[in-house]
Amino acid sequence: KQWYQRRVGAKKSTTIRPVKFTLSSCDMVTQVLRKARLLRSKDGFKSVYVCPDRTVEERRAYKKLIIELKLKREAEPDKFFTIRNNKIVSNSVNSQAASEAAS
């Protein structure tokens, strides 16, 4: 079998539990993670996201990045902030809007 999946967490009627997939090879993992962004463009999958497996330390570091990202977005609402390669990067909204208008 090339993959295995299961629901994580306790069953509650008020929450949707995450699904954990285990794949048999690193190549399959890389392929799934690269194509994951395409899933959001499909109807019914707007709120679905795929993220790589992280160790406890990596999860703590990522959580700190998310908190820092939220603070930066509140402090500078005229800029667009995102996380790339475990760093927070920014573009001004004006330059992003201009590039979107050009496409």
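Scope of this entry: the structure provided in the associated data block.

Parameters and conventions
Residues numbered from 1 in each chain as written. Predicted model: local features only at pLDDT ≥ 70, side-chain atom pairs only at ≥ 80, totals over all residues. Heavy atoms only, no water. Phe/Tyr/Trp six-rings, centres within 6.5 Å; stacked < 30°, edge-to-face > 60°. Lys NZ or Arg CZ within 6 Å of the ring centre and 35° of its normal. 1 Å grid on protein atoms, 1.4 Å probe; cavity = no way out; pocket = protein on both sides within 12 Å on 5 of 7 lines; lining within 4 Å. Points joined across faces, edges and corners; volume = space filled by probe spheres on them. Helix = DSSP H or I, 4+ residues; strand = E, 2+ residues; numbered from the N terminus. Nonpolar A, V, L, I, M, F, W, Y, C, P; charged D, E, K, R; others polar. Patch = residues over 30% accessible without salt bridge, like charges linked within 9 Å, V, L, I, M, F, W, Y side chains within 5 Å. Areas by Shrake-Rupley, 256 points an atom, 1.4 Å probe, with all protein chains shown as cover. Salt bridge = Lys/Arg side-chain N within 4 Å of Asp/Glu carboxyl O. Buried < 20%, exposed > 50% of the residue type's maximum accessible area, 1.4 Å probe, protein only. Core = buried A, V, L, I, M, F, W, Y, C linked by side-chain atoms within 4.5 Å. Contact = heavy atoms within 4.5 Å.

Concerning the packing of aromatic side chains
The tally for this structure, following the rule as stated, stands at 0 aromatic pairs. Lying across the ring of Tyr62, Arg54 places its NZ or CZ 4.0 Å from the centre.

Some thoughts on the layout of surface pockets
By volume, the largest pocket amounts to about 2,200 Å³. Considering the residues around the largest pocket, the lining is formed by 36 residues, among which Leu33, Tyr49, Val50, Cys51 and Pro52 are closest to the centre. Of all elements in the fold, only strand E2 (19–23), helix H1 (26–39), helix H2 (56–75) and strand E3 (79–84) reach the threshold of two or more residues within the lining of the largest pocket. A class-by-class count of the residues in the lining of the largest pocket yields 19 nonpolar, 6 polar and 11 charged.

Things to note about a nonpolar patch on the surface
Together, Val29, Val32, Leu33 and Val50 give the surface a local cluster of nonpolar side chains, amounting to about 260 Å² of exposed area. Along the chain, Leu33 turns up in helix H1. A relative accessible area of 33% places Leu33 in the partly exposed class.

Let's talk about the nonpolar core
A general trend in soluble globular proteins is that nonpolar side chains are found buried together. In this structure, Leu65, Leu69, Phe81, Ile83 and Ile88 together form the largest nonpolar core, which totals 5 residues. Where this core is concerned, the elements lending two or more residues are H2 and E3. Beyond its immediate sequence surroundings of up to four residues, Leu65 is in contact with Ile83, Asn86, Lys87 and Ile88.

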